[in-house]
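# What the coordinates show
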Amino acid sequence: MLRRPTAMPRTGPKPAEYYPEAPAPGTVRIIPLGGAEEVGRNMCAVEANGDILVFDAGFQFVSEDGSQGVDYLLPNTKYLEKNQDRVRAVIITHGHLDHIGGIPFTLPRFGTPPIYTQELTGVMIKKRQEEYPDVPAPEVRTVKVGDSVTIGSTKVKFFPVTHSIPDSMGCSITTPQGQVVISGDLKLDHDDGTPSAREQKTWGDLGKDDNLFFIADSTNAEKDGFSIPEKRVHQTLEDIIKTVSGRLIIGTFASQFERMVAIINAAEKLGKKVVTEGRSIRNNLEIAEKTGLLKVQKGTIITAQDIKDYPPDKLVILSTGAQGEEFAALMRIATGQHKFITLSERDTIVLSSSVIPGNEINVQKLKDNLYRHNVTLIHYRSSDVHSTGHGNTGELVWMNQMVHAKYFMPYYGYRSMTTCHARAVEQAGRPKDTIIIPDNGLVIDIVDGKLDIHKQKVPSAALVVDGFTIGDMQEVVIRDRQALAKDGMFVIIATVNLKTGKLRKSPDIISRGFVYLRENQDMLNQARLLIKKTIEDSTKGMNPVDLDYVKNNLTDVMAGFLFTRTNKAPMVIPVLIGM
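Just so you know, these numbers come straight off a predicted model, no measurement behind them.

## Focus on the sheet that holds strand E6 (residues 87–91)
Within the open sheet, the 8 strands sit side by side as E8-E7-E6-E3-E2-E1-E23-E24. Their pairing is mixed. Two strands close off the open sheet at either side, each with one partner strand: strand E8 (140–142) and strand E24 (450–453). Between one strand and the next, the sheet's axes are offset by a mean angle of 25°, whatever the strand orientation. Here strand E1 (residues 28–34) pairs with strand E23 (residues 444–447) via 3 bridges, running antiparallel. When the sheet's bridge partners are listed, Ile-30 is paired in E23 with Ile-444.

## Here we look at the pattern of salt bridges
Summed over all chains, the structure comprises 22 salt bridges. With a shortest N-O distance of 2.9 Å, Glu-139 and Arg-141 are connected by a salt bridge. Given the relative accessible area of 32%, Arg-141 is considered partly exposed. For the salt bridge of Lys-231 with Asp-191, the shortest nitrogen-to-oxygen distance reads 3.1 Å. Here Asp-191 lies in strand E13 (residues 190–191) and Lys-231 lies in helix H6 (residues 230–243), a separation of 40 residues in the sequence. Look at the salt bridges and you will find they share partners, linking Asp-189, Asp-191 and Lys-231 into a network.

## Side note on the packing of helix H11 (residues 393–403) against helix H12 (residues 415–427)
With their axes 10 Å apart at the nearest point, H11 and H12 run at an angle of 60° to one another. Classified by the angle their axes make, H11 and H12 are oblique. When you trace H11 past H12, the crossing you get is right-handed. Taken together, the residues of H12 that come into contact with H11 (itself represented by Thr-393, Leu-396, Val-397 and Asn-400) are His-421, Ala-424 and Val-425.

## Things to note about a nonpolar patch on the surface
Among the surface-exposed residues, Val-575, Ile-577 and Met-579 lie close enough to one another that they form a single nonpolar patch of about 250 Å² accessible area. By the secondary structure assignment, Ile-577 is in strand E29 (residues 571–578). Among the residues examined, Ile-577 registers a relative accessible area of 38% and is labelled partly exposed.

## Quick notes on the side chain of Arg-86
Mapping Arg-86 onto the fold places it in the loop between helix H1 (78–82) and E6. Not counting residues within four places of it along the chain, the set of residues in contact with Arg-86 comprises Ala-22, Pro-23, Glu-47, Gly-50, Asp-51, Ile-52 and Tyr-79.

What counts and what doesn't
- Residues numbered from 1 in each chain as written.
- Predicted model: local features only at pLDDT ≥ 70, side-chain atom pairs only at ≥ 80, totals over all residues.
- Heavy atoms only, no water.
- Pairing = 2+ DSSP bridges.
- Helix = DSSP H or I, 4+ residues; strand = E, 2+ residues; numbered from the N terminus.
- Axes fitted to C-alpha atoms, helices over the stretch in contact; angles between N-to-C directions.
- Salt bridge = Lys/Arg side-chain N within 4 Å of Asp/Glu carboxyl O.
- Buried < 20%, exposed > 50% of the residue type's maximum accessible area, 1.4 Å probe, protein only.
- Parallel < 35°, antiparallel > 145°, perpendicular 65-115°, else oblique.
- Left-handed = near helix turned anticlockwise from the far one by under 90°.
- Contact = heavy atoms within 4.5 Å.
- Patch = residues over 30% accessible without salt bridge, like charges linked within 9 Å, V, L, I, M, F, W, Y side chains within 5 Å.
- Areas by Shrake-Rupley, 256 points an atom, 1.4 Å probe, with all protein chains shown as cover.

All we've got here are geometric facts, nothing functional implied.
So, in C-alpha cells, the structure goes:
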C-alpha cells in the first residue's frame, strides 16, 4: 500500500554547535548573525581589541513561509550569549524595524548592553520599548555623525548616509589591521548619476582611511544604474497635491519621515487639511515633531471625524496600508469598513511605495478593491511617487570604489542580491578573491591581513517570537502546524477493556479540516470497523495491554487507510482510554 510517511525519521543526536575560541590578539573577526540570507533580522558582530561590537538588532516579519503562528523571526544570538562578557555595545544604524525590531527580544539574552545611535533612532527605540514594560530597557547613548567614540578599547567613527529615514548612519571601526566599514542601509543623493557634493565629501574622506573590510547594503543590487532621488518623489507628490481635483488619499510607509513631512508641508502651503490614518503614522509624526523634523501649524492636521466639514478638494488623507495589510487603514477604506471615510469616483489614491517581495498578492487585492470604487489610482509603476531607500548597482559600485577596502562583503539581502552585488563590483575591477559572499553564521577571521574563513558556522537558525515564547524554531511544533493547516486532523477516541483488549463500544471520531463527516458516512463506517479490528488484533494475547504500542500501530494503519481513500494525510490522533 502506498502512503505518505506519517513521521519524520529519527536522526540521532544533534551535532554539537560550533563556538570558536576568542580570536588571538590582533585578529579581526566578523560574523553576520542575521540578514545575510534574507531581507530583515539584521545583526552583525565585529570583534577586535578584545571587544565584540554588535551592529543592529532587527526582526523579520513572517509572511507566507509556512511558519504558522510565528510572529517574528530574529537573528540567532547564541554566539553572543556564550561571549557576553566581551560584548561592549549594540550600535544601531537607523530606525527601521529590520534593524531595531528585535531589541526587546534579543538584547536581554546577552546582557542588555548599551545602545549607541542617533537621536531619532533613539527616540524610536524608547517608544517601542514602552510596549514591553517587563523587558529590561537598554541604556541609549546618543551620538552624532562625525563623532568618534571609544567603546571598550575600540574606536568607532560615525558617518552620514542617505536612506529613507532620517538619522541613518554608517560606522567605521578601528582595528589593529585597519578600518572595518559598515554601511547600514543606504543609497546616494545624486543628480542624474552624479553624487552630490555632500556624498563626495563623506565617501572621499572615508576613502582616505586604511580600510581593511567593507560591509555594504545589497537590497537593491539586482537593479542597474542609479535609483530615483527622493527629492523627485517629493516634487511629484507636491504636483499631485496641487493639481488633483477631488480628495487625495496617499498610502505610504510610516517610516518615510521625510516624505510624510514633505506631504504635510505641501498640503499646508496649498491650504489643505491633512488626516492621518494608522497608529504607526500618528506615532511617527509625534516623534517627528518631538525631534524637530516636523513643524506644523495648528489646525492643519484634523481627525477623520471632521472630514465632513471640508470640501473634498481641500483634503489629503495620509494612510498606512499600501502593502495591502488586512487590518491597515487603507484596506479598511478600500473594503468599505472605515467608519468615516467612504470612497467615491472623485477620489484619487496614490500608493507611494513599491511592493515588498512576498506582498504581491495582498497589494493586488488592495488595488482590485480600490478599483471597485472607480477611483483614480497612481502607483510607482506609473509615476515617480516612490523611491527606494537602497542604492542600485551604479551607486553601490561607486561607494565600493571610494572606500577602496582590501576586502568586501555584500550584506543585507537574499543570496540573489548579495551575488549580484558581488558580480557588479567584480565587473568594475575588484579582484574576485577579495569578495566574500556570506551566509548567516559564517566566521571570518583576518589574521595579519589574510582571510581565514572557518569551515564551521556558529548557530544561525532563526530564533522566533511565538506568542510569549522566544527561542529556537521548534521544528516539531511548526511541522505539526503545517500538517494541520494542509490536511487537518482525524481524532479517534476509543475505550479499551484492559483485561480482554476488546473495545467497550464503537469508537468516536472527530474530524477538523479533513473531510465533512456527514458526507462521508461510508468511509466513516469502514474506519470504525478498521479501528476496532486494528485495536483488537494488536491486543490479542497481550497481557498487560500496552496502549502506547496500540496507539502507534493504530496511527500507522489509519494514516494509510485515510490517504488511500482521500489522497490526504491528516494528523491522526488516537486517544485510547483503558478501563
